[in-house]
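Observations on the three-dimensional arrangement
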Amino acid sequence: MTGFREAVIDLAAIRSNMAYLRQLVGTPHAMAVVKADAYGHGAVPVARAALAGGADWLGVADIDEALALRDAGIDAPILAWLHDPDADFSAAIGDDVTLGLSSLRQVQQVADAATELGRAASVHLKLETGLSRNGVHENDWAAVFALAAALERVGLLRVEGVMSHLANASAFDDQQALECFERGVEAARAAGLTPTLVHVASSAAALRLPAARFSMVRFGITLYGLSPFADATSADLGLVPAMTLRGRVAHVRRVSAGAGVSYDYLWRAPHDSTLVLVPLGYADGIPRQASGTALVHIHGANYPVVGRVAMDQFVVNLGADNPGVAVGDEVVVFGDPVTGAPSATDWADAAGTINYEIVTRIGHRVTRKHLNG
Ligand SMILES: *Cc1c(COP(=O)(O)O)cnc(C)c1O
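The rules we used
- Residues numbered from 1 in each chain as written.
- Predicted model: local features only at pLDDT ≥ 70, side-chain atom pairs only at ≥ 80, totals over all residues.
- Heavy atoms only, no water.
- Helix = DSSP H or I, 4+ residues; strand = E, 2+ residues; numbered from the N terminus.
- Buried < 20%, exposed > 50% of the residue type's maximum accessible area, 1.4 Å probe, protein only.
- Contact = heavy atoms within 4.5 Å.
- Lys, Arg positive; Asp, Glu negative; His and termini not counted.
- Charge placed at Lys NZ, Arg CZ, Asp CG, Glu CD.
- Core = buried A, V, L, I, M, F, W, Y, C linked by side-chain atoms within 4.5 Å.
- Domains from an automatic or database assignment.
- Pairing = 2+ DSSP bridges.
- Right-handed = clockwise from strand over helix to strand, strands pointing away.
- Near = heavy atom within 4 Å.
- Areas by Shrake-Rupley, 256 points an atom, 1.4 Å probe, with all protein chains shown as cover.
- Nonpolar A, V, L, I, M, F, W, Y, C, P; charged D, E, K, R; others polar.
- Salt bridge = Lys/Arg side-chain N within 4 Å of Asp/Glu carboxyl O.
- 1 Å grid on protein atoms, 1.4 Å probe; cavity = no way out; pocket = protein on both sides within 12 Å on 5 of 7 lines; lining within 4 Å.
- Points joined across faces, edges and corners; volume = space filled by probe spheres on them.
- Axes fitted to C-alpha atoms, helices over the stretch in contact; angles between N-to-C directions.
- Buried area = accessible area lost by both parts, 1.4 Å probe.
- Polar contact = N/O pair within 3.5 Å; in protein donor to acceptor, adjacent residues only side chain to side chain.

A few words now on the overall build of the chain. When its secondary structure is counted, the chain shows 12 helices and 19 strands. Dimensions along the principal axes, computed over C-alpha positions, put the chain at roughly 80 × 40 × 40 Å. Counting across all 373 residues of the chain, residues that qualify as buried make up 53%. Here the contacts in the chain between residues at least 6 apart in sequence split such that 67% fall between residues at least 24 apart. The averaged location of the 39 negative side-chain charges in the chain is 4 Å from the averaged location of its 28 positive side-chain charges.

Here is the structure:
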């Protein structure tokens, strides 16, 4: 039965997306990116499904996210690449979490933690190639590579990988970034490092820029069955959206022409209408910007959200006649569009954002229900 507010995650879709993506790119390694609670889908079950589908690496932003996967008993290689200035690198090394490092300071901190533990840390050096976020800048490559090589020689560090991340700004910009990255990989090798995991592509470049595939690609949004491109749907890419956000009709109301709906009366009924109340609001990740623009799926048809989205609820207009919708019936906010429901991308378009944000922002009050695990 449909829950009051729930996100249903089809783990069979995660597995099949992963298997499909991996054979499509043909790289020796493929990472499933499960940061931010797997883009709102639930990190532990998604990580397991992605590994079952053929991923051989997991990627997260924070060390804490990696440790949570370890605590759940997942022993696959995990890379974490965004660190608190006072991060607990000892805990990461102790739990076999591979660290993406972006500065001389971080290399030194990790070496200190490795010294204390008496065991080598596995790291990937992250290079800045044009995104202007973290990553070692070209001016600092020589110093960082030299230090890393010296630490390798004394058994404190193992530089297993070299990585970067693209801006996806244009073909020209990505090409510049790739050339920069290749100079970096060459410089790392010249300094005596022997990285086997060379990776720069996330979903977009993995699919459309074969020159960016190297030895591993990192799949995030496509693992979840969503498209990173404005000009291609999930189905165009051969992917199945894994998340369905749904709830139950909390109230059905007949209103007269002229009735105002929700805060500020952004919308008034143009004629006598049947409205239904959906118990999801911006506390649950429903974008307030989609007030009056998005659609939801009830009894096989799509109906418009009318009036302001509130914290806990929003209103949908069924029109002049009630097609038989009753309290307790299922409302699909978004799901796989092959079912006729709006997609997460439709909601993103309605709210002026991207599908990544729509799924990732689903709040804690929404129950995650994992199917086909
Ligand atoms: C989030 C992230 C990814 C995944 O990107 P998608 O576009 O979702 O595939 C890959 N690499 C890094 C460094 C990231 O931060």
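Mapped onto the fold, V198 is located in strand 8 (residues 197–201). Among the residues examined, V198 registers a relative accessible area of 7% and is labelled buried. Between the C-alpha atom of V198 and that of L79, which follows or precedes it by 119 residues, the distance is 13 Å. In this structure, V198 is in contact with V162, F181, V185, R189, R213, F214, S215 and M216, ignoring residues within four places of it in sequence.

We now examine the nonpolar core. Within the largest apolar cluster, 123 residues are counted, with the highest numbers of intra-cluster contacts made by L125, F314, F334 and W347. Counting contributing residues per domain, this core is built from domain 1 (11–224) and domain 2 (243–371), each supplying no fewer than three. With residues up to four places along the chain from it excluded, the contact list for F334 reads M243, T244, L245, P342, S343, A344, W347, I358, V359 and I362. The next biggest cluster of nonpolar side chains, apart from the first, holds 6 residues, and it includes V255, V261, L275 and V315.

The next subject is the pairing of strand 9 (residues 216–219). Across the two faces of strand 9 the burial is the same, with M216 and R218 and V217 and F219 all buried. As paired strands, strand 2 (residues 29–33) and strand 9 are joined by 4 bridges and run parallel to one another. Note that in strand 9 the partner of A30 across the bridge is V217. Here strand 8 pairs with strand 9 via 2 bridges, running parallel. Bridge pairing in strand 9 places H199 opposite M216. Handedness of the β-α-β unit built from strand 8, helix 9 (residues 203–208) and strand 9 comes out right-handed.

The next subject is the site of the ligand. As a structural note, the neighbourhood of the ligand is formed by V33, K35, Y39, W81, H165, S202, S203, R218, G220, I221 and Y356. Burial of the ligand by the surrounding chains reaches 93%, relative to a free accessible area of 390 Å². Of the residues in the shell around the ligand, the class split is 5 nonpolar, 4 polar and 2 charged.

Attention now goes to the side chain of D174. In this structure, D174 sits in helix 8 (residues 171–190). If sequence neighbours within four positions are ignored, D174 has contacts with L166, A167, N168, A169 and L209.

The phi torsion at A36 lies on the positive side, around 50°, for a residue other than glycine. Position of A36 relative to the elements: it lies in helix 2 (residues 35–39). One non-glycine residue, S132, adopts positive backbone phi at about 60°. Secondary-structure assignment places S132 in the loop between strand 6 (121–126) and helix 7 (141–153). Residue classification places S132 among the exposed residues on the basis of a relative accessible area of 62%.

In the structure shown here, the tally under the stated rule is 13 salt bridges. Close ionic contact of D231 with R208 constitutes a salt bridge, the shortest N to O distance being 3.0 Å. With D231 in the loop between strand 9 and helix 10 (234–237) and R208 in helix 9, this residue pair connects regions lying 23 residues apart in the sequence. Residue R208 is classed as partly exposed on the basis of its relative accessible area of 44%. With its nearest N and O atoms 3.0 Å apart, the salt bridge here joins E357 to R361. Look at the salt bridges and you will find they share partners, linking R5, D284, D312 and R365 into a network.

Next up on the list: empty space enclosed by the protein. With the rule as written, the count across this model stands at 2 cavities of 30 Å³ or more. The calculated volume of the largest cavity comes to roughly 50 Å³. If you trace the largest cavity, you find it lined by K126, L127, E128, T129, L131, R133, N134, S164 and H165. The space that makes up the second largest cavity amounts to roughly 40 Å³. For the lining of the second largest cavity, the per-class residue count stands at 8 nonpolar, 2 polar and no charged.

The next subject is the sheet that holds strand 9. Strand order in the closed barrel formed by 8 strands is 2-3-4-5-6-7-8-9, and the pairing between neighbours is parallel. For this sheet, the mean angle separating the axes of adjacent strands, direction not counted, is 30°.

So, on to the domain arrangement of the chain. For the chain, the assigned domains read domain 1 (11–224) and domain 2 (243–371). Each of domain 1 and domain 2 has a C-alpha centre, and these two points are 38 Å apart. Between domain 1 and domain 2, the residue contacts involve 9 residues of the former and 8 residues of the latter. Between domain 1 and domain 2 lies a buried interface of about 800 Å² when both sides are counted; carbon and sulfur atoms form 62% of it. Applying the counting criterion to the domain 1 and domain 2 interface returns 3 residue pairs in polar contact (both at pLDDT 80 or more). Listing elements by their share of the side of domain 1 that touches domain 2, those giving two or more residues are helix 1 (11–25) and helix 2.

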